[in-house]
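One letter stands for each residue in the lines below.
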Amino acid sequence: MSTNEKNQAPPSAVEVVKDKSRHLRGTIKQSLDKNITAALNEDDTHLVKFHGIYQQDDRDCRNDRAERKLEPDYSFMMRLRVPGGVLLARQWLTLSGVAAELTESHTLRLTTRQTLQFHGIPKENLRAISQSCHRALLNSIAACGDVNRNVMCSLHPSLSSVHKAAHQIAEQISTELLPRSRAYYEIWLDQEKLAGSNTGDDTPEAEPLYGDRYLPRKFKIGVAVPPNNDIDVYSQDIGFIAIAENGELAGFNIIVGGGLGMTHSDTRTYPRLGDVIGFCRPQDAATTAWHIAALQRDYGDRSERKQARFKYTVARLGLDFVKNDIERRLGIKLEEARPMTFNERGDNLGWRQGEDGKWHLGLFILNGRIGGAGAANLQAALREAAALDCCEFLMTPNQNLMLSNVDNKDRQRLQKILQRYDIDVTGEALSGLKKNAMACVALPTCPLAMAEAERYLPRLITLLEDELQNRGLNKDDIIIRMTGCPNGCARPYLGEIGLVGKSLGRYNLYLGASFNGDRLSSLYSENLNEEDIINTLKPLFDAYTDKRQSDEKFGDFLVRCGVVKAPDTAADFHPQ
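Residues numbered from 1 in each chain as written. Predicted model: local features only at pLDDT ≥ 70, side-chain atom pairs only at ≥ 80, totals over all residues. Heavy atoms only, no water.

Draft legend 1. Structural view of the overall build of the chain. Summing up its helical and strand segments, the chain has 17 helices and 20 strands in all. Taking 2.2 N^0.38 as the reference for a compact globule, 576 residues should give roughly 25 Å; the C-alpha atoms of the chain span a radius of gyration of 23 Å, in line with that estimate. Of the contacts formed within the chain by residues at least 6 apart in sequence, a portion of 68% connects residues at least 24 apart. Accessible surface for the chain amounts to roughly 22700 Å². Of this, 47% is attributable to carbon and sulfur atoms. (Helix = DSSP H or I, 4+ residues; strand = E, 2+ residues; numbered from the N terminus. Rg over C-alpha atoms; globule rule 2.2 N^0.38 Å. Contact = heavy atoms within 4.5 Å. Areas by Shrake-Rupley, 256 points an atom, 1.4 Å probe, with all protein chains shown as cover.)

Dropping the structure here:
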């Protein structure tokens, strides 16, 4: 027990489940073999998250099934761990095939953390999918759960030597902070227990970082390469900002304590941007991440999960204590942070050439969904492109896709395939609003969703595009983000326009985040329906048209003119 834990209330129910799990094994194997239900045992629903899997049900038919005395229409979502979002063409082919053959949704979904999810997986197909991914040298270990999750990294590793070095560090951090439990391999890949690793009720294998109960809550790390803050580095539990000197990676400014989830009307919960605490050399980055995670392991709240994120640990202990404790664990003093500037957050669409002469094609993917209604052509085109085996597939932090490392001789072949399927390869037809839009999955599968997001945002964007077009603003980059609940998966509190689900058809409107991602938005209006949202934004668009300064971004304009106040404290998110 850590010094901090002695003064805490009894552990939460999830902490007890983790502690008894024999390092994430629980009774998952028995749950999978239970044919009487499509669900898992209740405790196992918590443990499978550490294996990258969520149990869900179709909420569109939940009430109807209940009336007919049927259990919910259970299925599963699986999220892969892909540090920095880089996939080989043959891996993409495998994943596309898995979606088509082993899921009920037949779709792939690019996430806001630069990885990929399968939705609508029947319980009986979970092992088959895990094994297919394993053969493609991929897995879902630690993509969810109370551990370090997928490590993000600014795109893309082939653009410059600094990007390449940053991506290598992201991969190193991901590897260093992986759980050491063999549970994933035993349960999903049918591998035998290693000698001495775990036999019956004996002590499981050691977890030098995570211990028996892992972290108090999920933990997120990202590596950003200025001038593009595409990963929203200030929203990460740990953010590393690459500092280049003479064209080479000199090291990283370190950010701690970011996080965006909160609960409506609970003033103890709030989004928080991380604080810069110093600078470290590239060779120390992974070790620094390890020790910061260990600090959260030792001091995070294990009694109340709504207070268990690292941002609350930092706020409770104070930045000076956190920095001093990190330096004590490292055995070195952090250097002073280096000057740097962010000036954008979006993805480059269309063709772009890297330092080595290779080509990279950025493709817009609406809400990251590939396949299904409206995206079947895209799915087929990408399969055909992957079959050429002439590029890598890079998933962006903004739910888009980049076909990367294309030789001159292959560029036209790829272009012809995409054009044959009517895929936009320039992004020029997109409005600035649509190009900068993100939404979480929300209904019908997310159990936390209070309102629509992915299924509704395209309609709202179309309506707002008409208003922007009438004011000559259609090509202006404005960042809009929508989530079905306040947990913040699509980072809405960093949108210049952020919409957070309150109830079916109703949203809280947040405004005024900075375009470069270093300022949160503020609550402007609550419980709005579609008509309210449009009527609220129209006069703000009018004012922006008439009074904006040269090159002034929408969020900056709203703060400068006093429409919203830049939030200074947690209380600013819960005005009375």
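Draft legend 2. Structural context of the environment of Ala 136. For Ala 136, the position within the fold is in the loop between helix H6 (126-135) and strand E6 (152-153). The residues touching Ala 136, leaving out its near neighbours within four places in the chain, are Gln 91 and Thr 94.

Draft legend 3. Representation of empty space enclosed by the protein in the model. With the rule as written, the count across this model stands at two cavities of 30 Å³ or more. As for the largest cavity, its lining consists of 16 residues, and the residues nearest its centre are Asn 398, Lys 435, Asn 436, Ala 437 and Met 438. Along the lines of polarity and charge, the residues of the lining of the largest cavity split into six nonpolar, six polar and four charged. In this model, the second largest cavity occupies a volume close to 60 Å³. (1 Å grid on protein atoms, 1.4 Å probe; cavity = no way out; pocket = protein on both sides within 12 Å on 5 of 7 lines; lining within 4 Å. Points joined across faces, edges and corners; volume = space filled by probe spheres on them. Nonpolar A, V, L, I, M, F, W, Y, C, P; charged D, E, K, R; others polar.)

Draft legend 4. Structural context of the pairing of strand E2 (residues 74-79). With five of six residues buried, E2 lies mostly within the body of the structure. Relative to E2, strand E1 (residues 53-57) runs antiparallel, the two sharing five bridges. Bridged to Ile 53 within E2 is Met 78. Across three bridges, E2 lies against strand E5 (residues 116-121) in antiparallel orientation. Bridge pairing links Arg 79 to Gln 117 in E5. (Buried < 20%, exposed > 50% of the residue type's maximum accessible area, 1.4 Å probe, protein only. Pairing = 2+ DSSP bridges.)

Draft legend 5. Structural context of the pattern of salt bridges. According to the stated counting rule, one finds 43 salt bridges in the structure shown. For the salt bridge of Arg 548 with Asp 476, the shortest nitrogen-to-oxygen distance reads 2.6 Å. With Arg 548 in the loop between helix H16 (530-547) and helix H17 (554-560) and Asp 476 in the loop between helix H15 (457-470) and strand E17 (480-483), this pair connects stretches of sequence that are 72 residues apart. Of the residues examined, Asp 476 reaches a relative accessible area of 17% and is grouped as buried. A single salt-bridge network, built from bridges that share partners, covers Glu 15, Lys 18, Asp 146, Arg 213, Arg 302 and Arg 305. (Salt bridge = Lys/Arg side-chain N within 4 Å of Asp/Glu carboxyl O.)

Draft legend 6. The packing of aromatic side chains, seen in detail. All told, the structure shown has 15 aromatic pairs when counted by the stated rule. Measuring from centroid to centroid gives 5.1 Å for Tyr 270 and Tyr 312, while their planes differ by 85°, and the two rings are edge-to-face. Here the residue Tyr 270 occupies a position in the loop between strand E9 (248-256) and strand E10 (275-280), and Tyr 312 occupies one in helix H10 (residues 310-317), the gap between them amounting to 42 residues. For the cation-ring pair, Arg 182 lies above Tyr 185, with the distance from its terminal atom to the ring centre recorded as 4.4 Å. The positively charged end of Arg 411 is found above the aromatic ring belonging to Trp 359, 3.8 Å away from the centroid. (Phe/Tyr/Trp six-rings, centres within 6.5 Å; stacked < 30°, edge-to-face > 60°. Lys NZ or Arg CZ within 6 Å of the ring centre and 35° of its normal.)

Draft legend 7. Local environment of the nonpolar core. Ranked by size, the top nonpolar core spans 102 residues in total, and within it Trp 92, Phe 118, Phe 240, Phe 393 and Leu 403 carry the most contacts. Among the elements that line this core, the one with the most residues is helix H9 (residues 285-299), at eight residues. Leave out the neighbours within four places in its chain, and Phe 240 touches Ile 173, Ile 221, Gly 222, Val 223, Ala 224, Val 233, Phe 252, Asn 253, Ile 254, Cys 280, Ala 285 and Ala 289. In terms of nonpolar packing, the next biggest core, distinct from the first, is built from 37 residues, Ala 437, Leu 443, Leu 464 and Met 482 among them. (Core = buried A, V, L, I, M, F, W, Y, C linked by side-chain atoms within 4.5 Å.)

Draft legend 8. Molecular detail of the sheet that holds strand E11 (residues 350-353). Here we have five strands laid out as an open sheet, ordered E3-E14-E15-E12-E11, and antiparallel in their pairing. With one partner strand each, in any of the chains shown, strand E3 (86-88) and E11 form the two edges of the open sheet. Neighbour-to-neighbour, the strand axes of this sheet turn through a mean angle of 25°, independent of strand direction. In the sheet, E3 pairs with strand E14 (residues 392-395) via three bridges, with the strands oriented antiparallel. By the bridge assignment, Leu 88 is partnered in E14 with Glu 392. Here helix H13 (residues 408-420) sits on the sheet and contacts E11, strand E12 (359-363) and strand E15 (401-406); the angle it forms with E15, its principal contact strand, is near 150°. (Axes fitted to C-alpha atoms, helices over the stretch in contact; angles between N-to-C directions.)

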